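Listed here are the chains, written in short residue letters.
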Amino acid sequence: MGIAGGDGSQTGGAVPAFTYVGMAPKADLAMVKTDFNTGSIVDGVAYCESLATVRGQPVVVNLSLGSQFGPHDGTSDFETALGAAHRAPGS
């Protein structure tokens, strides 16, 4: 999360503060704990979507998950569920 939203203020040592700043230091970040079960992951994405909706903000979800199982073409049950949890405005 520091790479994404860190403001660089906590560098410490000989490195001056604000030398290393994340890509979106003013972003609001939400972290969701998961047990890595498919349903829990989909619930976490849905939670992030609803939180962003309540706040009137856009949302980006980075799962950084993967496996060698399934078709990798968006048609697995997991990918379909993620697609259903995330819908762009107007779609």
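Quick summary incoming for the structure in this document. (Residues numbered from 1 in each chain as written. Predicted model: local features only at pLDDT ≥ 70, side-chain atom pairs only at ≥ 80, totals over all residues. Heavy atoms only, no water.)

Quick word on helix α2 (residues 38-55)
Now for step 1: Taking 1.5 Å per residue as the helical rise, α2 with its 18 residues ought to reach 26 Å, and the 26 Å between its terminal C-alpha atoms agrees with that figure.
Now for step 2: Buried within α2 are the following residues: Ile-41, Val-42, Gly-44, Val-45, Cys-48, Glu-49 and Ala-52. All buried residues of α2 project into a common sector of 155 degrees when viewed along the axis, lining one side. Residues of α2 that are exposed and point over 90 degrees away from its buried face: Asp-43, Thr-53 and Val-54.
Now for step 3: For α2, the elements touching its buried residues are α3 (77-85).
Now for step 4: Of the residues one or two after α2, Gly-56 is the one with positive phi, at around 70 degrees. (Helix = DSSP H or I, 4+ residues; strand = E, 2+ residues; numbered from the N terminus. Expected span 1.5 Å × (residues − 1). Buried < 20%, exposed > 50% of the residue type's maximum accessible area, 1.4 Å probe, protein only. Arc of directions from axis to C-beta. Contact = heavy atoms within 4.5 Å.)

Things to note about the packing of α2 against α3
Now for step 1: Direction vectors running N to C along α2 and α3 enclose 15 degrees, while the axes themselves pass 9 Å from each other. Classified by the angle their axes make, α2 and α3 are roughly parallel. As for how α2 packs across α3, the hand of that crossing is right-handed. Facing α2, whose interface residues are Thr-38, Ile-41, Val-42, Val-45, Ala-46 and Glu-49, α3 presents Phe-78, Ala-81, Leu-82 and Ala-85. (Axes fitted to C-alpha atoms, helices over the stretch in contact; angles between N-to-C directions. Parallel < 35°, antiparallel > 145°, perpendicular 65-115°, else oblique. Left-handed = near helix turned anticlockwise from the far one by under 90°.)

Regarding the environment of Val-45
Now for step 1: Structurally, the position occupied by Val-45 is in helix α2.
Now for step 2: Here Val-45 falls in the buried class, since its relative accessible area comes to 6%.
Now for step 3: Setting aside anything within four residues of it in sequence, one finds Val-45 in contact with Val-61, Leu-63, Leu-82 and Ala-85.

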